[in-house]
Amino acid sequence: MTGGPETTIRESAPAPQQGAEERVDYALLDQSLWLAFRGASDPVAYVRAWLALQCRQVPGARAATVVLGAPETGPFAPAANWPAEGAPSPALSRAAEEAVARRETILKTDGAEGLLALPVEVDGALYGCVALALSGGAPAAADATRRLRWGMGWLESLLRREQGARDAALRDRTMRALDFVAVTLGARRFDEACTRLA
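The written sequence of each chain sets the order in which its residues are numbered from 1. A pLDDT threshold of at least 70 governs which residues receive local features in this predicted model, and a stricter bar of 80 or more applies before side-chain atom pairs are shown or counted, although totals over entire chains, interfaces and linings include all residues. Water and hydrogen atoms play no part in the side-chain values, which are based on all heavy atoms of the structure.

1. Some words on unusual backbone geometry
Piece 1. In this structure, Pro75 follows Gly74 across a cis peptide bond, with omega equal to 0°.
Piece 2. Here a helix means four or more residues in a row that DSSP labels H or I, a strand means two or more in a row labelled E, and each is numbered from the N terminus. With respect to the secondary-structure elements, Pro75 resides in the loop between strand 3 (61-68) and strand 4 (77-82).
Piece 3. A cis geometry characterises the amide bond from Trp82 onward to Pro83, with omega recorded as -5°.
Piece 4. A positive phi angle, near 70°, is found at Glu72, a position not held by glycine.
Piece 5. Judged by relative accessible area, which is 41%, Glu72 ranks as partly exposed. With a 1.4 Å probe rolled over the protein chains alone, any residue whose accessible area is under 20% of its type maximum counts as buried; one over 50% counts as exposed, and the rest are partly exposed.

2. Section: the sheet that holds strand 5 (residues 106-110)
Piece 1. At least two bridges found by DSSP between two strands is the condition for calling them paired. The strand order across the open sheet built from five strands is 4-3-7-6-5, with neighbouring strands paired in antiparallel fashion. The sheet terminates laterally at strand 4 and strand 5, the two strands that pair on one side only. Strand-to-strand, the axes of this sheet are offset by a mean angle of 15°, without reference to chain direction.
Piece 2. Two elements, strand 3 and strand 4, share five bridges in a ladder whose sense is antiparallel. Paired with Leu68 across the two strands is Ala77, which belongs to strand 4. Orientation is described by lines fitted to C-alpha atoms, with helices fitted over the stretch in contact, and by angles between N-to-C directions that extend from 0 to 180 degrees.

Printed below as a string of structure tokens:
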């Protein structure tokens with residue numbers, strides 16, 4: 001995007017061993033996440049980059065998963081996790097399963113910890129859900145819900161594009177089949193139909 005000046009966010013964090021402070025440039029992290037998102041070569045890379053960006057946007061995000069499957073029928077399975085090298089906790093997986101089963105937002109808070117799972121629906125068809133473990137309790141969950149709903153437009157865009165490609169392939173196969181039927185029915189004899197189809 002172009003427009004206003006770029007803002008660099010810097011945060012001080014203790015060095016792991018010395019206890020001294022060092023400057024961490026989060027703008028570089030954000031830039032690399034956006035580059036990975038824009039340059040995603042397949043749907044899996046797109047969803048992974050999208051999830052990393054979402055978790056970067058949600059204060060207190062500790063872990064997340066995107067569960068996707070065939071529209072309405074599934075099976076629904078994790079398509080991306082954050083952090084990427086981790087698997088979702090059993091509690092996060094249960095929240096995701098509940099959101100898919102009930103087709104509604106699931107919010108569970110226990111003091112300063114929370115689980116949030118939002119179903120992913122496109123044109124009324126259930127594709128899966130996004131689930132997030134976060135710290136900060138109910139106020140953080142309300143903010144996370146708002147941010148995820150805004151961000152889910154990107155995920156919806158991917159799912160629409162993928163569905164459009166599947167629909168186009170089906171139309172193409174159907175048209176070829178109808179062409180074969182028309183050629184066959186237009187022939188007077190069987191050997192003529194075979195010759196036309198060859």
